[in-house]
Amino acid sequence: MRGFSPLITLTALALSGMAGAQVPALTGTTWTLTGLTDGGRLIAPGQQAPRPTLRLDGRAASGSTGCNVYRANYAARGDVLRFGPLAATRRACPDRVDGLEDRFVNLMRDVNRYQLSGNTLTLLAGSGDRLIFAAGTPASQEANVNLDGTWTLTGGTALRPVPGSVPALTFEGGRVSGTGGCNRLTGTLQAKGETLSFGALATTRMACAPAVNAQEQAFLAFLTTPLTAQVRGQTLTLTNAAGRTLVFRRAGMQGGGSPVGGVQGGAALLEQARQAQADAATQEVSYTLTRVNGQPAPRTARPLTLSLGEGRIGGSDGCNSFGGSYRLEGKRLVLTGPLVTTLMACPEQTADVDFPGVLRAQPTLNVTPDGLTLTANGKTLTFTREVTPGQGRVQTWTVAAQRVPCTGVAPMSCLRIQRDGGPWELFYGQIEGFTFQPGVTQVIRVREEDRPAPVPADASSKRYVLVEVVERR
């Protein structure tokens, strides 16, 4: 979005002065924007553009900007109406929506009065502009969002997935099943437009690691509240009333969106690796062997590598290249055909990893944001994800609302950050594309890249590039 901060602070009054019984009540009604004036010029939403909405309940206002979901405090006295802090998600919006959204939000900041006449609500903003709403939601916006399929959690602001124990949900009709990362869950849900309400969820009661237990409790608690669902391509975002989000990636889909051979568990594992990077469109993930049973990998003529795509496996055993097909059964990697290898004469190597033998033994596969492990025949092979030029590891940082004094070459002020939920630390460098806002805590995604050689003596070997602002508060 352009020219719009997703956190807009306002203050509200108390509501009185209800409309007559013959017209919709100001509160408890969904109001849909039919037009607005900007600088005195009347602007109507396009026929294909999603319409912004407004709903007033108790002391809370909520709705959609046409692209993002927002929430705020509000109050009115007589015909006076004012909105307090308007917190919104920050999704990229289509061009046909972006300009309307900016105008809508900017005018909402300046609303000072309202008029209610029949099925029409008019909000007066500033010295003469207005937002005009009609009672009810257009039929075009009532259609339930299509959630059918399996979705794997990749992130969001409500919780951070525990590597190797990632929650997933499968929707089919009015039922939901899945996992919180350890225990299985099943239940029902109701969908109305973009609003989801989960019924009571039944879960198994297996013993899980403490971190996974905490994740499951937070995950299930999030699902017990009314949620707004938005699907964009293969990404599902669930947003609760507080503006917290869970972001999922559709698993096991290709082309038109049908499941790939029914191997949903395998697709979900690969999605974990893909989503650890900014480019979710990556179709093949490559890894390099770094450790064997916890010890540094042996030196070989070529790096021992592994690449995984949609049902295809390939790489190098340290000398010869190989390739084949596979499927995933739970967390086991199962070859579905012979490995085809080149037949080069190879120099004698310092140690024999017997990588093809590990693959043929149906190893256990565990994917983490940084790589993966294969375990079979008493060996655990640890691989690191290869970083392609222009990519780099993507981390989620929380940037504190105030800089603090620090000392580099000379006294200066530094950002305070948390990397992926870790401890607070001082950050001495620069984040390219990021604007610090005093008094505002920001949650951002940052890509860490190696600087190309030669690196100046007084410069860091790393550069940090803003991927997106997830939240401001």
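Just so it is clear, the structure is predicted and the values come from calculations on it, not from any experiment.

Rules and cut-offs
Residues numbered from 1 in each chain as written. Predicted model: local features only at pLDDT ≥ 70, side-chain atom pairs only at ≥ 80, totals over all residues. Heavy atoms only, no water. Helix = DSSP H or I, 4+ residues; strand = E, 2+ residues; numbered from the N terminus. Contact = heavy atoms within 4.5 Å. Areas by Shrake-Rupley, 256 points an atom, 1.4 Å probe, with all protein chains shown as cover. Expected span 1.5 Å × (residues − 1). Buried < 20%, exposed > 50% of the residue type's maximum accessible area, 1.4 Å probe, protein only. Arc of directions from axis to C-beta. Salt bridge = Lys/Arg side-chain N within 4 Å of Asp/Glu carboxyl O. pLDDT = per-residue confidence, 0-100. Disulfide = S-S within 2.5 Å. Pairing = 2+ DSSP bridges. Polar contact = N/O pair within 3.5 Å; in protein donor to acceptor, adjacent residues only side chain to side chain.

Visitor: Explanation requested: the overall build of the protein chain in the structure shown.
Guide: When its secondary structure is counted, the protein chain shows four helices and 39 strands. Sequence separation of 24 or more characterises 53% of the internal contacts of the protein chain that already satisfy a separation of 6 or more. Summed over its atoms, the accessible surface of the protein chain is roughly 22,800 Å², and 51% of this surface lies on carbon and sulfur atoms.

Visitor: Help me understand helix 2 (residues 210-223) in this model?
Guide: With 14 residues, helix 2 ought to run about 20 Å at 1.5 Å a step, and its terminal C-alpha atoms sit 20 Å apart, in line with that. For helix 2, the complete set of buried residues consists of V212, Q215, E216, F219, F222 and L223. Around the axis of helix 2, the buried residues are gathered within 130° of arc, so they sit on the same side. Turned more than 90 degrees away from the buried face of helix 2 sit P210 and Q217, all of them exposed.

Visitor: Is there a simple way to think about the pattern of salt bridges in this case?
Guide: Think of it this way: side chains of opposite charge can pair up when their charged atoms draw near. All chains considered together, the criterion is met by six salt bridges. The closest approach of N and O atoms between D57 and R55, which form a salt bridge, is 2.9 Å. We classify D57 as partly exposed; its relative accessible area is 33%.

Visitor: How should I be thinking about the confidence of the model for the protein chain in this particular structure?
Guide: Should pLDDT be low for a region, the predicted coordinates there are not to be read in detail. In this model, the protein chain carries a mean pLDDT of 75, and residues with pLDDT of at least 70 account for 74%. Note on residues 139-143: pLDDT is under 50 here. Beyond four places in sequence and across chains, it has eight contacts.

Visitor: Could you clarify how one ought to interpret the state of the cysteines in this entry?
Guide: Simply put, the disulfide is a covalent bond whose two ends are the sulfur atoms of two cysteines. One pass over the structure, following the stated rule, counts one disulfide. Residue C406 pairs covalently with C414 via a disulfide, S to S 1.9 Å. The sign of the 80° torsion about the S-S bond sets the C406-C414 disulfide as right-handed. Assigned by exposure class, C406 and C414 land together as buried.

Visitor: Would you explain the pairing of strand 10 (residues 120-125) in this entry?
Guide: On a regular strand, each side chain points to the face opposite its neighbour's, so the side chains alternate between the two faces of the sheet. Within strand 10, five of the six residues are buried, leaving the element largely enclosed by the surrounding structure. As judged from the six bridges shared by strand 9 (residues 111-117) and strand 10, these two strands associate in the antiparallel manner. Each bridged residue has a counterpart across the sheet, and for Y114 the counterpart in strand 10 is L123. Counting the residues between successive antiparallel strands, the hairpin from strand 9 to strand 10 contains two residues, one of them, G118, with a positive phi of roughly 60°.

Visitor: Hey, could you run me through the environment of T32 in this one?
Guide: Positionally, T32 belongs in strand 2 (residues 30-38). On the accessibility criterion, T32 (4% relative accessible area) is buried. In the structure, T32 is positioned 101 residues away from F133 in sequence and 5.0 Å away in space, judged by C-alpha atoms.

Visitor: Got a minute to help me understand the environment of E432 in this structure?
Guide: Structurally, E432 is set in strand 37 (residues 431-432). On the basis of relative accessible area, E432 is assigned to the partly exposed category, the value being 33%. Taking C-alpha positions, E432 is 8.0 Å from R463, a pair spaced 31 residues apart along the chain. Residues within four places of E432 in sequence aside, it is in contact with R463, Y464, V465 and L466. A polar contact of 2.5 Å, which involves the side chain of E432, links it to the side chain of R463.

Visitor: For this particular structure, what's the right way to read unusual backbone geometry?
Guide: Even without being a glycine, Q362 presents a positive backbone phi close to 55°. Within the secondary structure, Q362 is located in the loop between helix 4 (355-360) and strand 30 (364-368). Positive phi is not limited to glycine here, since N377 has a value of about 55°.

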